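# Structural overview
As a plain string of letters, each chain reads:
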Amino acid sequence: MPQTPAYKRILLKLSGEALMGEDSYGINRGTVDRIVGEIAEMVNLGVEVAVVIGGGNIFRGIAPASSHMDRATADYMGMLATVMNALALQDAMRRVSLVSRVQSALNIEQVVEPYIRGKAMRYLEEGKVVIFAAGTGNPFFTTDTAAALRGMEMNVDLVLKATKVDGVYTDDPMTHPDAMRYKRLTFDEAIIKHLKVMDATALTLCRDQKLPINVFSIFKPAALRRIVLGEDEGTFLHN
């Protein structure tokens, strides 16, 4: 019996670190291929998928040098790192015959398309995966905020924040084994308790536009599928 997705259109927020796997920096091909395999499964279920990608796996190698840089300059360097990750993700999708398009908030038209909302919407409707690179195109804004912004612009049903842990906890589960996972949280609770879900700007945007977020572990097999099918996985944030 075919399973019916609970969501028609989703936005997956992937950190650059998620692409490293067990490596200390860079892009781990096995990890990227596994993530792409899970995205392909969502597309095969009939779900429209957009992705916002971070750049920490590349930028962390030059972060010490950027400590004395102008903040805007460092942020632009980080945006360029996300474009590199987007191209790597697109190439991995091509290898499994998954059609995707990269759109960048910075104009690099010899390499990727510029961000155009109407075209991105059409690609999603055609079943293509759209990968958004270069954050919002502005310094001082994180890729979390870019995910919230693109999620609203694309009219997605859910933003999925992929992390290293399987949800939001009362404390750091790595140092506090007795920490409890929240199954559900309101945006106001997350903001008041200063829980490390997304930055405050992203949380506030999603709260104001009533766009739910599901925080989950990208390293947990089939977690993405379970969320899309409406099962309990990770932490669900809502109004």
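So, how was this worked out
Residues numbered from 1 in each chain as written. Predicted model: local features only at pLDDT ≥ 70, side-chain atom pairs only at ≥ 80, totals over all residues. Heavy atoms only, no water. Helix = DSSP H or I, 4+ residues; strand = E, 2+ residues; numbered from the N terminus. Rg over C-alpha atoms; globule rule 2.2 N^0.38 Å. Buried < 20%, exposed > 50% of the residue type's maximum accessible area, 1.4 Å probe, protein only. Contact = heavy atoms within 4.5 Å. Areas by Shrake-Rupley, 256 points an atom, 1.4 Å probe, with all protein chains shown as cover. Pairing = 2+ DSSP bridges. Axes fitted to C-alpha atoms, helices over the stretch in contact; angles between N-to-C directions. Expected span 1.5 Å × (residues − 1). Polar contact = N/O pair within 3.5 Å; in protein donor to acceptor, adjacent residues only side chain to side chain. Phe/Tyr/Trp six-rings, centres within 6.5 Å; stacked < 30°, edge-to-face > 60°. Lys NZ or Arg CZ within 6 Å of the ring centre and 35° of its normal. Salt bridge = Lys/Arg side-chain N within 4 Å of Asp/Glu carboxyl O. Core = buried A, V, L, I, M, F, W, Y, C linked by side-chain atoms within 4.5 Å.

For the chain, the helix and strand inventory stands at nine helices and eleven strands. Against the compact-globule benchmark of 18 Å for 239 residues, the chain has a radius of gyration of 17 Å, which places it among compact chains. Overall size of the chain, expressed as C-alpha extent along the three principal axes, is 50 × 45 × 35 Å. For the chain, with 239 residues in total, the buried portion stands at 51%. Long-range pairs, those at least 24 residues apart, make up 73% of the contacts in the chain with a sequence separation of at least 6. Working note: accessible area of the chain is about 11400 Å², and carbon and sulfur atoms make up 54% of it.

If you trace the backbone, asparagine 85 turns up in helix 4 (residues 71–95). Ignoring sequence-local partners within four residues, the contact set of asparagine 85 consists of Gly16, Leu19, Ile27, Ile53, Gly54, Gly55, Asn57 and Ile58.

Okay, the pairing of strand 3 (residues 100–104) next. Burial analysis of strand 3 places four of its five residues in the buried class, the great majority of the element. Bridge analysis of strand 3 against strand 5 (residues 129–133) gives five bridges, and the strand direction is parallel. Looking at strand 5, one finds that valine 102 is bridged to isoleucine 131. Examined bridge by bridge, strand 3 and strand 4 (residues 113–114) share two bridges and lie parallel to one another. By the bridge assignment, glutamine 103 is partnered in strand 4 with glutamate 113.

Pairing in this open sheet of nine strands is mixed, and the strands run 4-3-5-2-1-6-10-11-9 from one edge to the other. Of all the strands in the sheet, the pair left with one neighbour each is strand 4 and strand 9 (184–186). In this sheet, strand 10 (residues 213–217) lies alongside strand 6 (residues 158–163) in parallel orientation, the contact comprising five bridges. Residue threonine 163 lies in a different strand from strand 10, and its bridge partner there is serine 217. Here helix 1 (residues 29–44) sits on the sheet in contact with strand 1 (9–14), strand 2 (48–53) and strand 5, set at roughly 150° to strand 2. Packed on one face of the sheet, helix 4 meets strand 1, strand 2, strand 3 and strand 5 and runs near 165° to strand 5.

Looking now at helix 4. An ideal rise of 1.5 Å per residue puts 36 Å on 25 residues; helix 4 measures up with 37 Å between its terminal C-alpha atoms. Capping the start of helix 4, aspartate 70 holds a side-chain oxygen 3.2 Å from the backbone nitrogen of alanine 72, two or three residues further along. Positioned one or two residues after helix 4, serine 97 has a phi angle of 60°, which is positive.

Right, let's talk about the packing of aromatic side chains for a bit. If you walk through the whole model with that rule in mind, you get one aromatic pair. Here the aromatic rings of tyrosine 115 and phenylalanine 132 are separated by 5.6 Å at their centres, their planes lie at 75°, and the arrangement is edge-to-face. Residue tyrosine 115 is located in the loop between strand 4 and helix 5 (117–125), and its partner phenylalanine 132 is located in strand 5; the two are separated by 17 residues in the primary sequence. Here the guanidinium or amino end of arginine 101 rests over the ring plane of tyrosine 123, the centre of that ring lying 5.5 Å away.

This part takes up the pattern of salt bridges. The full count for this structure, using the stated rule, is 21 salt bridges. Here lysine 161 ties to aspartate 144 by a salt bridge, and the two come within 3.4 Å at their closest N and O atoms. Here lysine 161 is found in strand 6, whereas its partner aspartate 144 is found in helix 6 (residues 143–153), with 17 residues between them in sequence. Here lysine 161 falls in the buried class, since its relative accessible area comes to 10%. You can call aspartate 144 buried: its relative accessible area is 12%. One continuous salt-bridge network, built from bridges that share partners, spans Arg29, Asp33, Asp91, Arg94 and Arg95.

The next subject is the nonpolar core. Leu14, Ile39, Val49, Val51, Val129, Ile131 and Phe216 are the most contacted members of the largest nonpolar core, which totals 41 residues. Those elements that provide at least two residues to this core are strand 1, helix 1, strand 2, helix 4, strand 5, strand 6 and helix 9 (223–228). Non-local contacts of valine 51, meaning those with residues more than four positions away in its chain, are made with Leu12, Leu14, Ile39, Leu89, Val129, Val130, Ile131 and Phe132. Core analysis: the next-biggest nonpolar cluster, separate from the first, contains 31 residues, Met152, Met154, Val156 and Leu203 among them.

Interpretation note: all reported values are geometric properties and have no functional meaning in isolation.
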